[in-house]
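So you can see what is in the structure, the chains are spelled out below.
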Amino acid sequence: MDVIELMKKEMLRRKYSYRTIKTYLYCVNRFLKKYNNEPNKINRRDIVDYLNKFIEKEFTGNTINVHLQALKFLVEEILHRPKTFYYVKYSKTSKRLPEVLTKEEVVKLIGAIANGKHQLMIKLIYSAGLRVSELVHLRVRDFEFDNNYGWVRSGKGNKDRLFVIAMKLKEELQNYIQKEGVILDSWLFQGNSGHHLSSRSIQEIVKKAAKKAKINKRVHPHTLRHSFSTHLIENGHDVTSVQSLLGHNSPETTMIYLHIASPKMINVISPLDGLELEK
């Protein structure tokens, strides 16, 4: 039984993202090589021992849970074992707040990019709160310039969602499309092969720009999405609106940006300011 191929086919049928499929297959492949077992001979102790090795090596809770989810898919969906077979408590995940850039740092980051096309890509990520995978999969037809919005097609969770087009970017995007001769069904940002740019390319652009701008934070493309969300909250937009633009299923996921936003910007007044204290 080739469980790897069966998993791949089943996940494709369910329209899992490419990234999830790649991650799950990697996790299961690693597990099977470690124990050198026939899939049907896998037992619960194998899974527990395997995950315990990650705990001993102090892997993060998120990493452990990804491996657990992959093995759960294998056991439940491919081997059709009962849930009680693999039941293992999830590892606690970190509650660290995501790192964000100040508005001034966003200006510095963008200003550090000399290449016009590269700068446009980074401005688009920040202006619309896009994931890097969403940016590289944009096509010209996804933009509705007359209505000042665009569409992320088959984003995370295989969902479509709307994003806003910044007024400062609208003309620049239209000029870029016309200058590059990008047709309606083509990728907005094409690589040398005619395919879309890789996510890795965008990551390198952001990394180099952050270094050049002397920003002493761990900056990656997703930092711009976190910054977009936080700055919307600071500008007075409600959580529900931000949730919709980010494509979050739950408002609780979006609420994290309330904790990051500057109290001054969101008009929070300390209770101390209402007390008459002796000088």
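The following refers to the structure shown. Since the structure is predicted, the reported quantities are computational estimates derived from the model, not experimental observations. (Residues numbered from 1 in each chain as written. Predicted model: local features only at pLDDT ≥ 70, side-chain atom pairs only at ≥ 80, totals over all residues. Heavy atoms only, no water.)

## Quick look at the overall build of the protein
Rule in force here: To qualify as a helix, a DSSP run of H or I must reach at least 4 residues; to qualify as a strand, a run of E must reach at least 2; elements of each kind are numbered from the N terminus. The contact rule is simple, with two residues in contact once any of their heavy atoms fall within 4.5 Å. Residue exposure ignores everything except the shown protein chains as possible cover, and the areas themselves are Shrake-Rupley values with a 1.4 Å probe.
Within the protein, the secondary structure is distributed over 13 helices and 3 strands. Partitioning the contacts of the protein with sequence separation of at least 6, the portion at a separation of at least 24 is 61%. Put simply, the protein shows about 17500 Å² of open surface, and 51% of that area lies on carbon and sulfur atoms.

## With respect to helix α12 (residues 239-246)
Quick note on the threshold: Categorising residues by exposure relies on relative accessible area from a 1.4 Å probe, with only protein chains included: less than 20% of the type maximum marks a residue as buried, more than 50% marks it as exposed, and the intermediate range marks it as partly exposed. Directions from the helix axis toward the C-beta atoms define the arc.
Here α12 has its buried residues at Val239, Val242, Gln243, Leu245 and Leu246. The buried residues of α12 all sit within an arc of 165° when viewed along its axis, so they share a single face. Residues Thr240 and Ser244 are exposed on α12 and point more than 90 degrees away from its buried face.

## Description of the nonpolar core
Threshold: Nine residue types can take part in a nonpolar core, namely buried Ala, Val, Leu, Ile, Met, Phe, Trp, Tyr and Cys, and a core is a set of them joined through side-chain atoms within 4.5 Å.
If you look at the biggest cluster of nonpolar residues, it comprises 48 residues, and the most contacted ones within it are Leu124 and Leu188. Residue assignment for this core shows that the elements contributing at least two residues are α6 (103-111), α7 (116-128), α8 (132-136), α9 (167-180), α10 (199-212), α11 (221-234) and α12. Residues contacting Leu188, with those up to four places away along its chain left out, are Leu124, Leu138, Arg139, Val140, Phe143, Leu173, Tyr176, Ile177 and Val182. One finds Tyr24, Leu71, Val75 and Leu79 within the second-largest nonpolar core, a separate group that totals 25 residues.

## Focus on the pairing of strand β3 (residues 161-164)
What counts here: Think of it this way: DSSP has to see at least two bridges between two strands before they count as a pair.
Across the two faces of β3 the burial differs, with Arg161 and Phe163 buried and Leu162 and Val164 not buried at all. Pairing between strand β2 (residues 149-152) and β3: 4 bridges, direction antiparallel. Residue pairing for β3: Trp151 is matched across the bridge by Leu162.

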